[in-house]
Amino acid sequence: MKIIEVVAAVIKHEDKIFITRRGYGEFVDMWEFPGGKMEKGESREEALTREIKEELELSIKIEKYLTTVDYDYPNFHLTMHCFLSEVAGGKLKLNAHNDAKWIGLDELDKPNWVPADVLVVEAIKNM
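As the structure is a computational prediction, the values presented were derived from the model and not from experiment. Note that residues are indexed from 1 along each chain, following the sequence as it is written. Selection of residues for local features in this predicted model requires a pLDDT of at least 70, selection of side-chain atom pairs for listing and counting requires 80 or more, and totals for whole chains, interfaces and linings are taken over all residues. Working from all heavy atoms in the structure, the side-chain values ignore hydrogens and water.

This part covers the packing of aromatic side chains. Centres within 6.5 Å make a pair out of two Phe, Tyr or Trp rings, where for Trp the six-membered ring is used; the pair is then stacked when the planes are under 30 degrees apart, edge-to-face when over 60, and tilted otherwise. One pass over the structure, following the stated rule, counts 6 aromatic pairs. An aromatic cluster of at least three residues, connected via ring pairs, comprises Phe27, Tyr71, Tyr73 and Phe76. A ring is considered to have a charge above it if a Lys NZ or an Arg CZ atom is located within 6 Å of its centre and within 35 degrees of its normal. One Lys or Arg, Lys101, reaches over the ring of Trp31 and ends 4.8 Å from the middle of that ring.

Structure, rendered in structure tokens:
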């Protein structure tokens with residue numbers, strides 16, 4: 001089975017978490033934590049900083065590692081490394097998503113999450 005390794009940002013501000021809604025692909029209109037695939041030679045942190053800049057035109061400050069989730073989709077295995085982050089600059093522009101919003105920690109069960117991101121939600125609740 002093909003293995004895809006990605007990084008994701010759990011961007012927080014006070015008691016809110018930033019989430020994005022996919023604008024393309026099999027999981028279009030489902031919510032996720034922003035991020036993407038690592039490129040050869042990149043560290044996880046370098047990949048995450050680049051992906052957030054590409055997708056959202058934001059700079060982030062990575063605070064700490066949160067979790068790594070492994071999830072088997074029908075066609076591939078996903079390994080996703082997640083980091084707690086904060087916005088450090090830039091002006092939000094959605095280049096890969098069709099919506100984004102801040103939600104409270106008490107709202108984490110409400111969005112229709114991409115399947116692997118459900119595991120990230122559980123890690124956030126256990127922080």
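This is not the end of the story, as more comes after the structure.
Turning our attention to helix α2 (residues 115–125). Turning to α2, its buried residues number three or more, namely Ala116, Asp117, Val120, Val121, Ala123 and Ile124. Projected down its long axis, α2 carries its buried residues within an arc of 160°, all on one side. Here, residues are in contact when the closest pair of their heavy atoms is within 4.5 Å. A helix here means a DSSP run of H or I that spans at least four residues, while a strand means a run of E at least two residues long, and both kinds are numbered starting from the N terminus. The inward-facing, buried residues of α2 abut β1 (2–13), β3 (31–32), β5 (58–72) and β6 (76–90). To sort residues, take the accessible area from a 1.4 Å probe on protein chains only and compare it with the maximum for the residue type: under 20% means buried, over 50% means exposed, and anything in between is partly exposed. What the arc describes is the spread of directions from the helix axis to the C-beta atoms.

What follows deals with the pattern of salt bridges. Put simply, a salt bridge is a Lys or Arg side-chain nitrogen that is within 4 Å of an Asp or Glu carboxyl oxygen. In the structure shown here, the tally under the stated rule is 11 salt bridges. Linking Lys12 and Glu63 is a salt bridge whose minimum nitrogen-to-oxygen distance equals 3.2 Å. One end of the pair, Lys12, is in strand β1; the other, Glu63, is in strand β5, and 51 residues separate them in sequence. Judged by its relative accessible area of 23%, Lys12 falls in the partly exposed class. Relative accessible area serves as the criterion here: at 33%, Glu63 is assigned to the partly exposed category.

A few words on the layout of surface pockets. Roughly 450 Å³ of volume is contained in the largest pocket. In terms of lining, the largest pocket is formed by 25 residues, of which the most central are Val6, Arg22, Tyr24, Glu32 and Leu78. Going through the elements one at a time, β1, β4 (35–37), α1 (44–56), β6 and α2 are the ones with two or more residues in the lining of the largest pocket. With 4 residues, β1 is the largest single contributor of residues to the lining of the largest pocket. Residues that form the lining of the largest pocket fall into these classes: 14 nonpolar, 4 polar and 7 charged. A cavity here means a set of 1 Å grid points, computed over protein atoms only, where a 1.4 Å probe fits but cannot escape. A pocket is an open set with protein on both sides within 12 Å along at least 5 of 7 lines, and lining residues have an atom within 4 Å of a point. Grid points are joined across faces, edges and corners, and a volume is the space filled by probe spheres set on the points. Gly falls in the polar group here, along with every residue not listed as nonpolar (Ala, Val, Leu, Ile, Met, Phe, Trp, Tyr, Cys, Pro) or charged (Asp, Glu, Lys, Arg).

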